[in-house]
Amino acid sequence: MAIVSIVVELKDQPGQLLRVLEPISRLGGNILSIVHQRDKKTPLGRIPVEISLQIDEKKVEDLIKIIKSETIVRSYNEVRLIATTSIMLVGHIIHTDLGDTINSIDRTGFAEVVDMHISMPKLNEPSTAMVTISATGKEKLKEAIELLRDVCRRKGILMIEPLNEEPV
Amino acid sequence: MIRIAIFGFGAVGQGVAEILMQRERIERWIGRYEVVAVADSRGSLCSEDGISLKEAIEVKKRGSLPEGKSVMEIIESMDFDVAIEATPTNIETGEPGLSHIRACLNKGSHVITSNKGPLVVAYKELAELAKKKNVKLAFEATVGGAMPLIKLAKRDLAGNEIISIKGILNGTCNYILSRMEQERLSYQQILAEAKELKIVEANASYDVEGIDSAAKLVILANAVMEMDATFNDVEIVGITSITPEAFEIAMEKGYTIRLIAEASRDGLRVSPRLLPLHHPLAVRGTLNAVLIQTDLAREVFVIGRGAGKIETASAIISDLVDIYGNDRTN
């Protein structure tokens, strides 16, 4: 299942929203939220509406095609990665093949390194990096962290994880 | 009349003696008592009628306790109701405390200890022995110094299932990390500062490698989470390789770094962790802080002083009152 966010422009008339919702329901999509952006009315008097939904990823393209034939699609994007965390790495990050470290996460297919901030104060001294990892779900994120932990252990890198504060 | 023996007469043992000298304060809680023996590794003072604690402290200040009966000889030859075991910790063998505690429990004396070693090495054995002999083994002082933790979890949170315990159990590490956070100086610089302030002992590795925190975590896991854990079950990472830049980069994302001991169904870990700056566990200085998560009461936080002569003695006195005291709140 993919989570998709679509922004369409609808005429401010009754029945307009249904033209978008009907195909979503027909393709088995599950609506998560609908937000009317009335304050962002276009010069032509259309109202942007942001619809978030969950749908089989194979049907995303079909759905967009159908909605485009019904109304104006301003933008759409698949929110594939829904769980994110920041992890700090301290040690010889560069000299132990940073590319390989990042790849160990990226090649899982379910998690990616989406951001990294690295500080290298002196040559041959340990570097410090904050790595942001996103995954397709909480469990997958846990799995990715576990993977990174193994890599760091092997490479002698100190990994500082966030304190997990999930509600009981 | 309660007859007390004090084994180990370093900072904690002397702290206990100082509080017990305030007879009026303590008798309000537990009634009449006498300290019949004080002993350390080099000597002892004993009298069935009670010794003078003032004298014991003065003698110790001048050097060491006079030559006399050893701790084991006192246990074998003297009558006492409760032993306060405050000898130095050895987390590998548990000795000499382990032999002291075993012998005391076997002869039917209660034991109150601040010594982590025996509990890390043989918690289950000692707890079972105490139960069999129908005496108490109390050890509030072993974890978190003055902070109420053991009795809090076992008694005040009774009926709850404890899901996890996370916290800062070593004030030295917390001092170093919170100073690094504030000053952006290197670990080595702050360690030197801590040594000068006598917050850290000459041999810092016991603290900064996470060993002390791990020992306390094992005690908590066994005593209040009913695990059967040993020291080797703890995954331990210390604080020695944390860079000053780590705090800078963490801060940009709203985090700081603390050494956290964590016990949960996933296992036992001591490691530096990222904490949101406003997190209640992100305490500064030598404070300790613990978050207990339970199924019914949910989150309970405790913050307090994790070490110190009188602070640790306070936890021992609380165990003493727990065994003998009349609960004045009822």
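About the cut-offs
- Residues numbered from 1 in each chain as written.
- Chains lettered and ligands numbered in written order.
- Predicted model: local features only at pLDDT ≥ 70, side-chain atom pairs only at ≥ 80, totals over all residues.
- Heavy atoms only, no water.
- Domains from an automatic or database assignment.
- Contact = heavy atoms within 4.5 Å.
- Buried area = accessible area lost by both parts, 1.4 Å probe.
- Salt bridge = Lys/Arg side-chain N within 4 Å of Asp/Glu carboxyl O.
- Polar contact = N/O pair within 3.5 Å; in protein donor to acceptor, adjacent residues only side chain to side chain.
- Pairing = 2+ DSSP bridges.
- Helix = DSSP H or I, 4+ residues; strand = E, 2+ residues; numbered from the N terminus.
- Axes fitted to C-alpha atoms, helices over the stretch in contact; angles between N-to-C directions.
- Core = buried A, V, L, I, M, F, W, Y, C linked by side-chain atoms within 4.5 Å.
- Buried < 20%, exposed > 50% of the residue type's maximum accessible area, 1.4 Å probe, protein only.

With that out of the way, let us pick up the domain arrangement of chain B. All names here are of chain B. Per the domain assignment, the segments of chain B are domain 1 (2–145 + 309–324) and domain 2 (155–305). Relative placement of domain 1 and domain 2: their C-alpha centres are 28 Å apart. On the side of domain 2, 16 residues touch domain 1, which itself brings 14 residues to the contact. Roughly 1,300 Å² is buried in total at the junction of domain 1 and domain 2, and carbon and sulfur atoms are behind 69% of that figure. Of all residues in domain 1, Ile91, Val120 and Val143 give up the largest surface area on contact with domain 2, accounting jointly for 39% of the area buried on that side. Where domain 1 meets domain 2, there are three salt bridges. Put simply, Lys124 and Asp228 hold a salt bridge, and the shortest N to O gap is 3.7 Å. Remark: the boundary between domain 1 and domain 2 carries two residue pairs in polar contact (both at pLDDT 80 or more).

What follows covers the sheet that holds strand S4 (residues 82–85) of chain B. All names here are of chain B. The mixed open sheet is built from six strands, whose spatial order is S3-S2-S1-S4-S5-S6. Each edge of the open sheet carries a strand with a single partner, namely strand S3 (44–46) and strand S6 (137–138). Judged from the four bridges that link them, S4 and strand S5 (residues 110–113) form a sheet pairing that is parallel. Along S5, the bridge assignment pairs Ile84 with Ile112. Of the strands in this sheet, strand S1 (2–7) and strand S2 (33–39) touch helix H2 (residues 23–30), which is tilted by about 115 degrees from S2. Each of S1, S4, S5 and S6 touches helix H13 (residues 309–324); the most contacted strand, S5, lies at about 160 degrees to it.

Further remarks concern the nonpolar core. Of all hydrophobic cores here, the largest spans 85 residues; its most connected members are A:Met88, B:Phe7, B:Ile176 and B:Ile242. Sort the elements by how many residues they give to this core and helix H11 (residues 211–224) of chain B lands first, with nine residues. Among the nonpolar cores identified, the runner-up in size contains 33 residues, and B:Val38, B:Ala56, B:Ala86 and B:Leu320 belong to it.

The next point concerns unusual backbone geometry. Residue and element names in this part refer to chain B. Note that the residue after Glu95, namely Pro96, is joined by a cis bond; omega there is 5 degrees. The phi angle at Asn134 is positive, at roughly 60 degrees, despite the residue not being glycine. Examined against the element boundaries, Asn134 turns out to sit in the loop between helix H6 (116–132) and S6. Although it is not a glycine, Arg184 adopts a positive phi angle of roughly 55 degrees. Counting through the fold element by element, Arg184 comes out in the loop between helix H8 (171–183) and helix H9 (187–196). In this structure Arg184 comes out as partly exposed when scored by relative accessible area, which is 32%.

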